[in-house]
Amino acid sequence: MNLSGRRILVIGGSSGIGLAAARQLAARGADVTVLGRDPDRLEAAVASIGAGASGRPLDVLDREAMAAAFAELAPFDVLINAATGGERAVGPFMNMDLDGFQGSFRKLWGYTNSVRLGASYLPEDGCIVLVSGSPARKCRPGMAAISTVGNAVEGFVRAVAPELAPRRINVVSPGVIDTPMFGGDGDDRQRFFERATADNLIPRAGTPDEVAAAIVFAVENDFVTGTTIDVDGGALLP
Ligand SMILES: NC(=O)c1ccc[n+]([C@@H]2O[C@H](COP(=O)([O-])OP(=O)(O)OC[C@H]3O[C@@H](n4cnc5c(N)ncnc54)[C@H](OP(=O)(O)O)[C@@H]3O)[C@@H](O)[C@H]2O)c1
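Predicted model only: the values in this text are computed from it and were never measured.

Q: Give me the nonpolar core: which residues, what numbers.
A: Core analysis: the biggest nonpolar cluster contains 68 residues, and Ile 8, Leu 25, Val 32, Ile 80, Ile 128, Leu 130 and Ile 169 have the highest contact counts within it. Looking at which element gives the most residues to this core, the answer is helix H6 (residues 144-164), with 8 residues. Residues within four places of Val 32 in sequence aside, it is in contact with Ile 8, Val 10, Ala 22, Leu 25, Ala 26, Gly 52, Ala 53 and Ser 54.

Set out below in structure tokens:
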């Protein structure tokens, strides 16, 4: 797909991986709209993406609002959903508050809502990109909820790809990436990233741009569908 003049919606495009993807897609000539809950973050994101970008408030868990947003923003060629959906539950499953475990699935519901409500607007050469995460296939201690949700996202993409064809759908799976999703600052934040990536083949946190490059690849390559693209510094290997 040649991105010049294409209309692209990036849900979760006001921060981190989604914002980096929005910037890279806009730099290739796409007309990008970023969506998220916080209007101030959207405004700052639009300013940083530059000419042609726009923002629209949306909570991915509000299906009615999402249907209205898609109807208003159509036609569009590409739908990217990189929204976290809300908080994630971390810790051993056997000690986990089950409401917290279930709450981690907000990410999946945000993704399924957007595919169900958005795919029919896409042209035949259009595509969708979602984001899972390396814990889906290598669950470290304390990551049971995140791992389960990531598996669900990857399984969902494989399940719906045949229904959506010839429209394409793919998922990008990041390892530990230095984004605002992680709190903390200064040395504490740096130490967290060092600990979290120490066993990886490339022992550092990835950048949002490194993941965004894979999202752009999934959009541009018309022969890629129903698959998962890992951008994780080798996190899956022993
Ligand atoms: N960073 C990592 O290490 C990492 C690793 C593996 C997977 N991932 C996945 O990568 C994706 C992007 O994460 P990130 O690190 O870029 O996170 P981030 O910097 O925190 O950005 C999250 C984005 O999602 C939006 N968002 C969250 N909940 C939303 C909702 N209910 N409705 C609409 N928008 C919502 C946020 O905007 P508002 O808060 O204003 O709504 C923001 O734009 C997520 O699916 C995450 O699980 C990240």
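Past the structure itself, the notes keep going.
Q: Explain the environment of Leu 130 to me, and be specific about the residues and the numbers.
A: The topology assignment puts Leu 130 in strand E5 (residues 127-131). Residues Leu 130 and Asn 170 lie 40 residues apart in sequence; the distance between their C-alpha atoms is 6.4 Å. Ignoring sequence-local partners within four residues, the contact set of Leu 130 consists of Asn 81, Tyr 111, Val 115, Val 153, Phe 156, Val 157, Ile 169, Asn 170, Val 171 and Val 172.

Q: Can you tell me about the packing of helix H1 (residues 16-27) against helix H8 (residues 208-220), naming the residues and giving the values?
A: Two numbers describe how H1 lies on H8: the axes approach to 8 Å, and their chain directions differ by 60 degrees. Here H1 is positioned oblique relative to H8, judged by the angle of their axes. The two elements H1 and H8 cross, and the hand of that crossing is right-handed. Counting all contacts with H1, which are made through Gly 16, Ile 17, Ala 20, Ala 21, Gln 24 and Leu 25, the residues of H8 involved are Pro 208, Asp 209, Val 211, Ala 212, Ala 213, Ile 215 and Val 216. Grouping the amino acids of the contact of H1 with H8 by side-chain chemistry returns 10 nonpolar, 2 polar and 1 charged.

Q: Which residues make up the sheet that holds strand E2 (residues 31-36), and what values go with them?
A: If you trace the 7 strands from one edge of the open sheet to the other, you get E3-E2-E1-E4-E5-E6-E7, paired in parallel fashion. Looking at strand neighbours, the two that pair on one side only are strand E3 (54-57) and strand E7 (228-231), the edges of this open sheet. Adjacent strand axes in the sheet meet at a mean angle of 20 degrees when their direction is disregarded. Pairing of strand E1 (residues 7-11) with strand E4 (residues 78-81) involves 4 bridges; the strand directions are parallel. For Ile 11, the partnering residue across the bridge sits in E4 and is Asn 81. Packed on one face of the sheet, H6 meets E5, strand E6 (168-174) and E7 and runs near 165 degrees to E6.

Q: Break down the pairing of E2 for me, citing the residues and quoting the values.
A: For E2, a buried count of 5 out of 6 residues is recorded, marking the element as mostly surrounded by other parts of the structure. Judged from the 5 bridges that link them, E1 and E2 form a sheet pairing that is parallel. When the sheet's bridge partners are listed, Arg 7 is paired in E2 with Asp 31. This β-α-β element, E1 to H1 to E2, shows right-handed connectivity. This β-α-β element, E2 to helix H2 (residues 39-49) to E3, shows right-handed connectivity.

Q: So, the side chain of Thr 33: which residues are in play, and what are the values?
A: Within the secondary structure layout, Thr 33 lies in strand E2. Residue class for Thr 33 comes out buried when judged on its relative accessible area of 1%. A polar contact is formed between the side chain of Thr 33 and the side chain of Arg 7, at a distance of 3.1 Å. Dropping the residues within four chain positions of it, Thr 33 is found in contact with Arg 7, Ile 8, Leu 9, Val 10, Ser 54, Gly 55, Arg 56 and Leu 73.

Q: Tell me what's going on with the site of the ligand, and back it up with residues and numbers.
A: Lining the immediate environment of the ligand, one finds 30 residues, of which Ser 14, Ser 15, Ile 17, Ile 177 and Thr 179 sit closest. The contact in question runs from a nitrogen atom of the ligand to an N or O atom on the backbone of Val 60, over 2.9 Å. Where the shell around the ligand is concerned, the elements lending two or more residues are H1 and helix H5 (106-118).

Q: So what about the packing of helix H3 (residues 63-73) against H5? Which residues, and what values?
A: Two elements in contact, H3 and H5, have axes separated by 10 Å at closest approach and are oriented at 40 degrees. Judged by the angle between their axes, H3 and H5 are oblique. Crossing geometry of H3 relative to H5 is assigned as right-handed. Along the contact surface, H3 presents Arg 63, Met 66, Ala 67 and Phe 70, while H5 presents Gly 110, Asn 113, Ser 114, Leu 117 and Gly 118. Classifying every residue of the contact of H3 with H5 gives 4 nonpolar, 4 polar and 1 charged.

Q: I'd like a description of the side chain of Gln 24, backed by residues and values.
A: For Gln 24, the location among the structural elements is in helix H1. Take Gln 24: its relative accessible area is 16%, and that puts it in the buried class. Only 3.5 Å separates the side chain of Gln 24 from the backbone nitrogen of Ala 213, close enough to count as a polar contact. If we ignore the near neighbours within four places in the chain, the residues touching Gln 24 are Asp 209, Ala 212, Ala 213 and Val 216.

Cut-offs used in this document
- Residues numbered from 1 in each chain as written.
- Predicted model: local features only at pLDDT ≥ 70, side-chain atom pairs only at ≥ 80, totals over all residues.
- Heavy atoms only, no water.
- Core = buried A, V, L, I, M, F, W, Y, C linked by side-chain atoms within 4.5 Å.
- Buried < 20%, exposed > 50% of the residue type's maximum accessible area, 1.4 Å probe, protein only.
- Helix = DSSP H or I, 4+ residues; strand = E, 2+ residues; numbered from the N terminus.
- Contact = heavy atoms within 4.5 Å.
- Axes fitted to C-alpha atoms, helices over the stretch in contact; angles between N-to-C directions.
- Parallel < 35°, antiparallel > 145°, perpendicular 65-115°, else oblique.
- Left-handed = near helix turned anticlockwise from the far one by under 90°.
- Nonpolar A, V, L, I, M, F, W, Y, C, P; charged D, E, K, R; others polar.
- Pairing = 2+ DSSP bridges.
- Right-handed = clockwise from strand over helix to strand, strands pointing away.
- Polar contact = N/O pair within 3.5 Å; in protein donor to acceptor, adjacent residues only side chain to side chain.
- Near = heavy atom within 4 Å.

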